[in-house]
Amino acid sequence: MQDLDEGIKRGQAAILGHPDDSAILNSLASALLTRFEQGDDRKDLDAAIQHFRVALQLRPEGDPLRSSSFNNLASALWARFEQQGDDKDLDEAIQHCRVALQLTPEDDALRPSSLNNLASALWTRFLKQGGGQDLDEAIQLHQLALQLIPEDDSLRFISLDGLANALLMRFEQRGDENERDDAIQHFRDALQLIPEGHPQRSVSLNNLAHALWMRFGQEGDGKDLDDAILHHQRALQLRPEGHPERSTSLNNLALALWTRFGQRGDGKDLDEAIQNHQCALQLMPEGHPRHSSSLNNLASALQTRFEQLGDGNDLDEAIQHHRSALQLRPEGHPYRSSSLNNLANVLCIRFEQRGDYKDLDDAIQYHRRALQLRPDDHPERWTSLNNLAGVLRTRFEQRGDGKDLDDAIQHLRSALQLTREGHPHRSTSLDNLANALQIRFEQQGAGNDLDEAIQNHECALQLMPEGHPQRLASLENLSNALQTRFKQRGDGKDLDDAIQNHQGALQLAPATHPQRPSLLNNLAITLRIRFEQRGDGKDLDDAIKHHRNVVQLTDKDHPQHSTSLNNLALALWIRFEQRGDRKDLDDAIENHQSALQLIPEGHRERSTLLDNLANALQIRFEQQGDAKDLDEAIQNHQNALQLRPEGHPHYLTSLNNLANALQTRFRQRGDAKDLDEAVQHHRSALQLMPAGHPQHSALLDNLANALWRRFGQRGDWKDLDDAIQYHQSALLLTPESHPQRSTSLNNLAGTLQTRFEQRGDAKDLDDAIENHQSTLQLRPEGHPERSTSLNNLAGALQTRFEQRGDRKDLDDAIHNHRSALQLRPEGHPHRSTSLIGLSIALQTRFKQLGNRKDLDEAIQHHRSALQLIPEGHPHHPSSLNNLASALRTRFEQRGDGKDLDEAIQHHKSALQLRPEGHPDQSTALDNLANALLVRFEQRGNGQDLDDAIQHHRSALQLTPQGHPEYSTSLNSLANALVTRFEQGGDGKDLDEAIQLHRMAAEFSHASLFEGLKSCLKWIAAAEQYQHTSTLDAYTKALHLLDYHFSATPSVLSRHQTHKYFPPDLAVNAASCALRQGNTCHAVELLEQGRALHWTQIARFRTSLEDLCLQDPSTEVLVRQFQDLSALLNKPAKPSTQVKSIPVVEAEEQHYRDLDEQWHKVVEDIRMLTGFSQFLLPPIFADLQQAACEGPIIILVASRFSCDAIIVLHMQPPIHLQLKITLEELHDLVLQHHQNNKHPQGPNYDVFVGVMGALWKQVVFPVVQKLKRYVGKHSRIWWCPTSLFTALPLHIAGEYKHGGQVLSKLFVSSYTPSLSALIKAHTTNTKMTQDIKFAAIGQATPDTSFTSSKLQPLLYIDQELDDIAKHLPTPSVMFTKLTGSESTRSQALCVLVDNQWLHLSCHGMQIPEEPFKSCLAMADGPVSLMDIINANISGHEFAFLSACETAMGDLSTPDEVIHLAAGLQFMGVKSVIGTLWNVRDDVAYHLVSAFYKEFCKNGKLDCTMGARALHEAVDILAKSNIPLVERAMFVHIGI
């Protein structure tokens, strides 16, 4: 270098004396160019170019050296282009080379050199701009130069080398293997022309080695790679210590050894490669122009060793070397962008290993800076755009910020624009953009992204014809995208095309090809998918065969051997699930273990293999029941989690896997800690997942599933409600067209169905079915999950049929099951599931219709399913159980003992397959016990009964307290013990059975619904055998029912829920108390178990004025109670828009949270002195106050007895057992109801006949008792229950000459409950200056809300005018609302503002939805719900002159849901209503008579309403109005 510097100084001095000497200028320029090449000083290069330009100008046209000057200037410009990337320099260099060639005659000895110079420049421009014409011309020029050089010319090797390099490049562009092979041959020929000792021999060896290395990459012939390494080693030998290019040879040899390591996995090759890179680095100390390049090479090799061995030191050292290289390339350095790019890449790898987001953010930052250094015309801008896009995509996958993915796609689009048609990288750009679009499709679900991705992959493939080196990769890319579209749309052609493309790629990779293992693996995975879709076992067997071939192709030292073992294990695992061959599962676990042993501690893939092994062990546990497998699985998941600390990109996956395994162990052992830990892990995963991340919805679903399971264990409704809430949130994150939307809909439907099964709210079941139907629409014909959706919808429809009995639901369910079965032909992995689902639905229809064909077909399908699930299959025991259950049903139908014996044998076989420790052993024991119990009942063999009890005991012992099935096991054993008691009469059996039922009812982890069912079983057994605990059972049941109602958010849903519980629970409880002689408790139980809707509303409207007066310090507590009560009692806002399911769910959850807070405040109030009974069911002493103005007769209609209880003020209650039975009472009600609904009107004889029977069997015995306590014409109150609510008790009597009639003896009123009457007595009247009376009439209402024809009412105006005449003046402010003024809104306003009310209009009781019962106004109905939501507390009186306003709902008679009761419960003290339809003219005459009597003293008194009505009805009787037309008017209240 010193000599060169001296030479330059001399040249510079010489030029000062001879500025016009072209020779001196050329010499100086050449020296400066040489120094630039050694030191990278741009000033030298610019000076050289300047001197070459001046020298050229000094050599005019005709100068023999002018062509040399053109070539010299071209070389310098070319060098500057390579440093700075300015296309103008390159274009000028080519132009000068062309001129030089033109100046060189055909026979000139320098013409070959000129041809080669121009060819090389054109080749360089091709590399930059991708113009195929430049490359073709370069090759042609090299060939011409070669023709001009004799065979024995020592310089011939230069043309051979140039031609070879250009041909190799064209091969890479167009894929003509002949050109590649020609290039290698030219390299060989060039090498032969260079004798040993020639300074260029090492260069030639290097060129040949590179070409062979490239061919190895294409064809996988290991001999090419070995030869390449051998040539590099020989080149290295020719470059001994001190040789300027020794470091280059060390690097080249290292690269080839690194490649061989990647193919054969011999760690020695990798270590030697790193050693060579280290030696090269030592030869290039700090200050050496290629020191930074050597640092980069060593860093890349260390990075590879890290990926192989997982030693983090290698990775850290690699990053350090890249950082050092970057420091050596400051701003303005031509290779700074490359260093930024390399450092960014390795930081991204460390992020994937350790999860430090700073590494990822730094990587993005470095890629951005690299891109800024590579402007639009930079040859490496395309690379930077792709690299930046890749790392943005990685960050998107971690954080879910869609902007990162959109930016990545934008960069890839820009990269594609840089690769015009014919560019060598255009196909790569198309593939990269396609891959990113595919990812965005998977996140956002836009089908156009996926279609564009596939189109780009197809375009890329077209650019790679047969023989193209990248065709193989392009086929694979297209296959993967087609697989994705198949999963989304279910078009089998996409899947077949994907397999065909995988097979095409495999054909391009011969046995020794380095990519053959990965290609076999990809084909195997796709075949596996097709198997799961179509069930062709050959696909699965072929997949396993390919995976085995991969294992054989990758020996133990191969870096991909562990991956191959893992893939084989996964396929074997699937075959095990299909065929049940335990050997497959054992082999899968063995392969997972072998794979894990190959991965050392610290390796980046170790955590993945730990997870896979854990999953397989978990499956084996579920199949064989060995707890060691499950514990080992959890341990492996925990180990994997430790390797993935918080921040690791797979940390969330590990949390999820561990949580799932803990849930499995909970199901087996019932340890609540496992379940709580699982929920906590899912919560942690969700908290760490940023909003907007594509996996956010999946984590919401996972947490929801865990909470759903915990609900099943503990019955905490908050868990179930939260689960639904999370599923709803997940659904919101998967909008229409999102590929996961159908999954979210399906998950939500499942939890809604569970909540329906717990609370009985029909809306939940309807919503579940609607979601299943929406799911099915998103899975059209051909969709791989369509059959699953059909099955799920069928199951939900079957459930609805079982609740409502609509045959269409059951038929639709069976139809859907059949459709699903058709989609799962012979060999399909899920065919057995469809057979079982169809069988169960057919069994249900058999139970409904009794068609033997259904049952026989069900059994046949169960047998077919069993054949598809051979012994050893994890579902074989379940299939045995299903068949056994169907056979037991057929035995119960036809009595063929063979069916029962076979059923028992199948249950025994299932039990043998579930040995001790198996999580389902307890279920198998219970199933066998139930079948043995049936056989005992048929044949009387006591051994069967004893065995059944023993099996139930064993099942109970295996079911720990806290297990979701614990209460079921308790009840099962109890049922068997009751049976043995019936046979042997041993009271110990009955006592134990009752105790077990009690434990099940009080089981704290059971849901309220399950607790209620257990109570009902307890009640049934205790009632049947008159056990002393019967009353306790009823008391517990009513307590649970009350709590169940409390947690149900809306009035309508409470009503629907109540229909799924026995309507006679309260009356049976009262009957039980009466039979035990406890009349007071009977009254208390009736009050607690009836009118639950009204009780719930009343709780939220309770006043605490007494508490405030007693203790001012309780003000905060009182305010809390009032605020929470107001929120819970807040009416729903009317809306014309249908609320989304998530909004409804959120509102219901908010309600339950408020309810929980409300209960806590109530408990706090009960702690205060004098308030210990606050809002608890009232005791009899309090209820007795209802009779302060006269006796109350409670009529109890129970299947055990019909009774009357007379409640007297300050005296013990009187109990009368009535002679009428429930069946006789039912007949009376039916007679009365049918008579009233007769098309020609009620028959008088039938009516009086019913009234006579009612008098004789019910009312007369009561009257006899009453006469001892009250005088004639005294007021009495009736409080009927059950069927008694449907009869007009007030009009009972003997309607014949000399007969007794109740109305001649007493003035009758009604009350729906004692509490309602007490409230009417004690509620203060609203203090107003004037008495405000409103009369509302509507003769011709809007009828759009009903299908009934409402005739115009002709007497409305007369009726209201008569009322006005009778009202006392001026003390009464009278408001009249009729015609168009009596709208719904106006009526409601008047209803609130006036304490005295009269409504004359059409009334309707709607039995199906009683809260929609209404009074018809001009523009729509005023419903019972409107009345509930109105503030009418403290109102005095209301007269409902309309039809059916006190009729009630016979499906839930003890809830007393009708308009008149609603007015009284909401605060109106005295109400008059009607039990059935009333004629317009009759109503007018009665109203006129009533108000004349009511107002005769010149004042208004609501307590006079009953007597005024009594007199008005009597006046009608004297006017010869038939009894049946005046008997419907009743008085309710005080």
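Remember, predicted model here, so these are calculated numbers, not experimental data. (Residues numbered from 1 in each chain as written. Predicted model: local features only at pLDDT ≥ 70, side-chain atom pairs only at ≥ 80, totals over all residues. Heavy atoms only, no water.)

**Student:** Is there a simple way to explain helix α7 (residues 132-148) in this structure?
**Tutor:** Helical geometry note: an α-helix holds 3.6 residues per turn, so side chains three or four residues apart project in the same direction. Under the 1.5 Å per step criterion, the end-to-end length of α7 is 25 Å for 17 residues, consistent within 8% with the ideal 24 Å. Contacts from the buried residues of α7 go to α5 (87-102), α6 (111-129) and α8 (156-174). (Helix = DSSP H or I, 4+ residues; strand = E, 2+ residues; numbered from the N terminus. Expected span 1.5 Å × (residues − 1). Contact = heavy atoms within 4.5 Å.)

**Student:** Explain the sheet that holds strand β9 (residues 1403-1404) here, please?
**Tutor:** Through backbone hydrogen bonds, the strands of a sheet pair up, either in parallel or in antiparallel fashion. Strands sit in the order β9-β10-β11 across an open sheet of three strands; the sheet is antiparallel. Strands with a single pairing partner mark the edges of an open sheet, and in this sheet they are β9 and β11 (1421-1423). Summarising the sheet, β9 and strand β10 (residues 1414-1416) pair through two bridges and their orientation is antiparallel. In the sheet register, Gly1403 faces β10, and the bridge partner there is Leu1415. (Pairing = 2+ DSSP bridges.)

**Student:** Would you mind going over the packing of aromatic side chains with me for this structure?
**Tutor:** All chains considered together, the criterion is met by 20 aromatic pairs. Between Phe981 and Tyr1025, the ring centres sit 5.0 Å apart and the planes meet at 85 degrees, which makes this aromatic pair edge-to-face. Note that Phe981 is positioned in helix α44 (residues 966-984) and Tyr1025 in the loop between α46 (1008-1024) and α47 (1030-1046), a separation of 44 residues in sequence. The exposure class assigned to Phe981 is buried, which follows from its relative accessible area of 16%. A centroid spacing of 5.0 Å and a plane angle of 90 degrees characterise the contact between Phe1490 and Tyr1491, whose relative ring orientation is edge-to-face. Residue classification places Phe1490 among the buried positions, given a relative accessible area of 0%. Linked through ring pairs, Phe1333, Phe1374, Trp1396, Phe1437, Phe1439, Phe1490, Tyr1491, Phe1494 and Phe1529 together constitute an aromatic cluster. Geometry around Phe1200 places Arg1075 over its ring, the cationic atom sitting 4.4 Å from the centre. (Phe/Tyr/Trp six-rings, centres within 6.5 Å; stacked < 30°, edge-to-face > 60°. Buried < 20%, exposed > 50% of the residue type's maximum accessible area, 1.4 Å probe, protein only. Lys NZ or Arg CZ within 6 Å of the ring centre and 35° of its normal.)

**Student:** Quick question: what am I supposed to make of the packing of α7 against α8 here?
**Tutor:** Running from N to C, α7 and α8 cross one another at 155 degrees; their axes reach a closest spacing of 9 Å. Of the possible angle classes, the one that applies to α7 and α8 is roughly antiparallel. Once α7 is placed against α8, the crossing between them reads as left-handed. In this structure, α7 uses Gly132, Leu135, Asp136, Ile139, His142, Gln143, Ala145 and Leu146 to contact α8, whose residues at the interface are Arg156, Ser159, Leu160, Gly162, Leu163, Ala166, Leu167, Met169, Arg170 and Arg174. (Axes fitted to C-alpha atoms, helices over the stretch in contact; angles between N-to-C directions. Parallel < 35°, antiparallel > 145°, perpendicular 65-115°, else oblique. Left-handed = near helix turned anticlockwise from the far one by under 90°.)

**Student:** Would you mind showing me how to read the nonpolar core here?
**Tutor:** Across soluble globular proteins, nonpolar side chains show a tendency to be buried alongside one another. Trp1094, Ile1192, Ile1194, Trp1278, Phe1490 and Tyr1491 are the most contacted members of the largest nonpolar core, which totals 194 residues. Considering each element in turn, this core owes the most residues, eleven residues, to helix α57 (residues 1244-1266). When neighbours within four sequence positions are excluded, Phe1490 is seen to be in contact with Phe1437, Phe1439, Ile1472, Gly1505, Ala1508, Leu1509 and Ala1512. Residues Ala318, Ile319, Leu343 and Leu388 belong to the second largest nonpolar core, which totals 50 residues. (Core = buried A, V, L, I, M, F, W, Y, C linked by side-chain atoms within 4.5 Å.)

**Student:** I keep staring at helix α42 (residues 921-939) and nothing clicks. Help me out?
**Tutor:** In this model, α42 (19 residues) spans 27 Å end to end at C-alpha, consistent with the 27 Å of a helix rising 1.5 Å per residue. When you tally the buried positions in α42, you get 14 out of 19 residues, the bulk of the element. A positive backbone phi angle near 75 degrees is found at Gly940, which sits one or two residues after α42.

**Student:** I'm lost on the environment of Ile1214 in this one. Help?
**Tutor:** Its place among the elements puts Ile1214 in strand β3 (residues 1214-1217). By relative accessible area, Ile1214 is classed as buried at 10%. Along the primary structure Ile1214 and Cys1080 are separated by 134 residues, whereas in three dimensions their C-alpha atoms are 9.4 Å apart. Residues contacting Ile1214, with those up to four places away along its chain left out, are Ala1204, Ile1205, Ile1206, Leu1208, Lys1265 and Tyr1269.

**Student:** Before we go on, may I ask you to explain unusual backbone geometry in this structure?
**Tutor:** The residue after Thr1369, namely Pro1370, is reached through a cis peptide bond having omega 0 degrees. Assignment of secondary structure puts Pro1370 in the loop between α59 (1356-1366) and β7 (1372-1377). One non-glycine residue, His1273, adopts positive backbone phi at about 70 degrees. Relative to the elements of secondary structure, His1273 occurs in the loop between α57 and β4 (1275-1280).

**Student:** Got a minute to help me understand the pattern of salt bridges in this structure?
**Tutor:** Close approach of charged atoms allows side chains of opposite charge to pair. This model, assessed by the stated rule, comprises 95 salt bridges. Between Asp44 and Arg35 there is a salt bridge; the shortest N-O distance is 2.9 Å. In this structure Asp44 comes out as buried when scored by relative accessible area, which is 8%. In this structure, the salt-bridge partner of Arg1090 is Asp1454, at a minimum N-O distance of 2.8 Å. Here Arg1090, found in the loop between α50 (1079-1089) and α51 (1092-1099), pairs with Asp1454, found in the loop between β12 (1437-1441) and α62 (1459-1465); they are 364 residues apart in sequence, far enough to count as distant. Judged on exposure class, the residue Arg1090 and its partner Asp1454 are both buried. What emerges from the salt-bridge pattern is a single network uniting Arg180, Asp181, Arg215, Glu219 and Asp224. (Salt bridge = Lys/Arg side-chain N within 4 Å of Asp/Glu carboxyl O.)

**Student:** Is there a simple way to explain the packing of helix α1 (residues 2-17) against helix α2 (residues 22-39) in this structure?
**Tutor:** Packed helices, taken two at a time, are described by the angle between their axes plus the distance between the axes. Relative orientation of the contacting elements α1 and α2 amounts to 150 degrees, with a least axis distance of 9 Å. Comparing their axes, α2 and α1 come out roughly antiparallel. Our pair here, α1 against α2, has a crossing hand that is left-handed. Taking contact as the criterion, the partners of Leu4, Asp5, Ile8, Gly11, Gln12, Ala14 and Ile15 in α1 are, on α2, Ile24, Leu25, Leu28, Ala31, Leu32, Thr34, Arg35 and Gln38. When the residues that make up the contact of α1 with α2 are grouped by side-chain class, the tally is nine nonpolar, four polar and two charged. (Nonpolar A, V, L, I, M, F, W, Y, C, P; charged D, E, K, R; others polar.)

**Student:** What should I look at first to understand the pairing of strand β1 (residues 1192-1197) in this one?
**Tutor:** Remark: a regular strand shows side chains that alternate across the two faces of the sheet. Across the six residues of β1, six count as buried, placing the element largely inside the fold. With burial as the criterion, each face of β1 is covered, one bearing Ile1192, Ile1194 and Val1196 and the other bearing Ile1193, Leu1195 and Ala1197. Once β1 ends, the chain turns through four residues before running back antiparallel as strand β2 (residues 1202-1207).

**Student:** It is not clear to me how the state of the cysteines should be interpreted in this structure. Could you clarify?
**Tutor:** Working definition: the covalent bond between the sulfur atoms of two cysteines is a disulfide. Taken as a whole and assessed by the stated rule, the structure comprises zero disulfides. For the unlinked cysteine Cys1080, the closest cysteine sulfur is that of Cys1072, found at 15 Å. By relative accessible area, which is 27% here, Cys1080 ends up partly exposed. Unpaired in terms of disulfides, Cys1443 finds its nearest cysteine sulfur in Cys1401, a separation of 9.3 Å. (Disulfide = S-S within 2.5 Å.)

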